[in-house]
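# Examining the three-dimensional arrangement
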Amino acid sequence: MDKAAMRQVALARRVGASGEVAPPLAEALRARGGAALSGYLSVRGEADPMPVMRDWDGPVGVPVVEAKAAPLGFRRWSPGCRLAPGTFGVPVPVDGAPMVPEVLIVPLLAFDARGFRLGYGGGFYDRTLERLRARGPVLAVGLAFAMQEVDAVPTEATDQPLDAVATEEGVRWFGSGAS
């Protein structure tokens, strides 16, 4: 199955999915407490990182699409900050200062046992992870429901693997990111 077809199937499967994902996510990130964190404001049935973002003891930001076919930018976020619709209608902080995350919570449509994720097709997270990893260590943890796991995500040379995925069933570490 190609990526476009898999996206349609994954979106349909995710409808109504639920589970308590915050505790496993918090556990996956515990050793990185205080680091600059990028979460996201969930849309379209994505697993919600908000409980972890609210309780984080370091700076928190959210991704911002700044240009087509470019890496994401990040703006500081805090509970109750003023939001406005950004690209693709995803809310972004109006007054958030730019930031560079060391830890990223990454949304996804599907993931596989190799640590690859299927996103919405813009390549934003792949370009972002490539850029951040070129600068130094960064931890990328996908957030999903266990039922979003697939046998294999179709990949291309530009796809960046995740270090882990947190689901309601726990945390799955991949490759050298295991801790």
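Figured I'd write up the structure that's included with this text. (Residues numbered from 1 in each chain as written. Predicted model: local features only at pLDDT ≥ 70, side-chain atom pairs only at ≥ 80, totals over all residues. Heavy atoms only, no water.)

## What about the side chain of Asp163?
- By the element assignment, Asp163 lies in the loop between strand S9 (139–143) and strand S10 (164–167).
- Note on Asp163: relative accessible area 14%, which makes it buried.
- A distance of 3.5 Å separates the side chain of Asp163 from the side chain of Arg133, its partner in a polar contact. (Helix = DSSP H or I, 4+ residues; strand = E, 2+ residues; numbered from the N terminus. Buried < 20%, exposed > 50% of the residue type's maximum accessible area, 1.4 Å probe, protein only. Polar contact = N/O pair within 3.5 Å; in protein donor to acceptor, adjacent residues only side chain to side chain.)

## Some remarks on unusual backbone geometry
- Phi at Ala69 is positive, roughly 60 degrees, even though this residue is not glycine.
- Relative to the elements of secondary structure, Ala69 occurs in the loop between strand S2 (60–64) and strand S3 (73–76).
- Classification of Ala69 by relative accessible area gives exposed; the value is 56%.
- Of note, Phe88 is a non-glycine position whose phi angle comes to about 65 degrees, a positive value.
- Inspection of the secondary structure assignment puts Phe88 in the loop between strand S4 (83–85) and strand S5 (91–93).
- On the basis of relative accessible area, Phe88 is assigned to the exposed category, the value being 67%.

## Structural notes on the environment of Glu27
- Along the chain, Glu27 turns up in helix H2 (residues 22–29).
- Between the C-alpha atoms of Glu27 and Val171, which are 144 residues apart in sequence, the distance is 8.1 Å.

## Focus: the sheet that holds S10
- Pairing within the open sheet is mixed, and its 7 strands lie in the order S3-S2-S1-S6-S9-S10-S11. Here the strands that pair on one side only, and so sit at the sheet edges, are S3 and strand S11 (170–173).
- Both S10 and S11 contribute to a ladder of 4 bridges, which runs antiparallel. Each bridged residue has a counterpart across the sheet, and for Thr167 the counterpart in S11 is Gly170.
- Across the face of the sheet, H2 comes into contact with strand S1 (37–38), strand S6 (103–106), S9, S10 and S11 while running at roughly 170 degrees to S9.
- Across the sheet, helix H4 (residues 124–135) touches S2, S3, S6 and S9, and the angle it forms with S6 is around 165 degrees. (Pairing = 2+ DSSP bridges. Contact = heavy atoms within 4.5 Å. Axes fitted to C-alpha atoms, helices over the stretch in contact; angles between N-to-C directions.)

## Considerations on H4
- With 12 residues, H4 extends 17 Å between its outermost C-alpha atoms, agreeing within 8% with the 16 Å of an ideal straight helix rising 1.5 Å per residue.
- All of the buried residues along H4 are Phe124, Tyr125, Asp126, Thr128, Leu129 and Leu132.
- Elements that come into contact with the buried residues of H4 comprise S2, S3, S6, strand S8 (117–118) and S9.
- Directly beyond the C-terminal end of H4, a positive phi value near 160 degrees is found at Gly136. (Expected span 1.5 Å × (residues − 1).)

## What to know about the nonpolar core
- Formed by 25 residues in total, the largest nonpolar core has its most connected members in Leu25, Leu29, Ile105, Val141 and Leu143.
- Only H2, helix H3 (50–55), S2, S6, S9 and S10 provide two or more residues apiece to this core.
- Tallying contributions element by element places H2 first for this core, with 4 residues.
- Those residues in contact with Leu25 that lie beyond four places of it in its chain are Pro49, Val52, Ile105, Val141, Leu143 and Ala166.
- Leu104, Phe111, Tyr125 and Val165 belong to the second-largest nonpolar core, a separate cluster that totals 18 residues. (Core = buried A, V, L, I, M, F, W, Y, C linked by side-chain atoms within 4.5 Å.)

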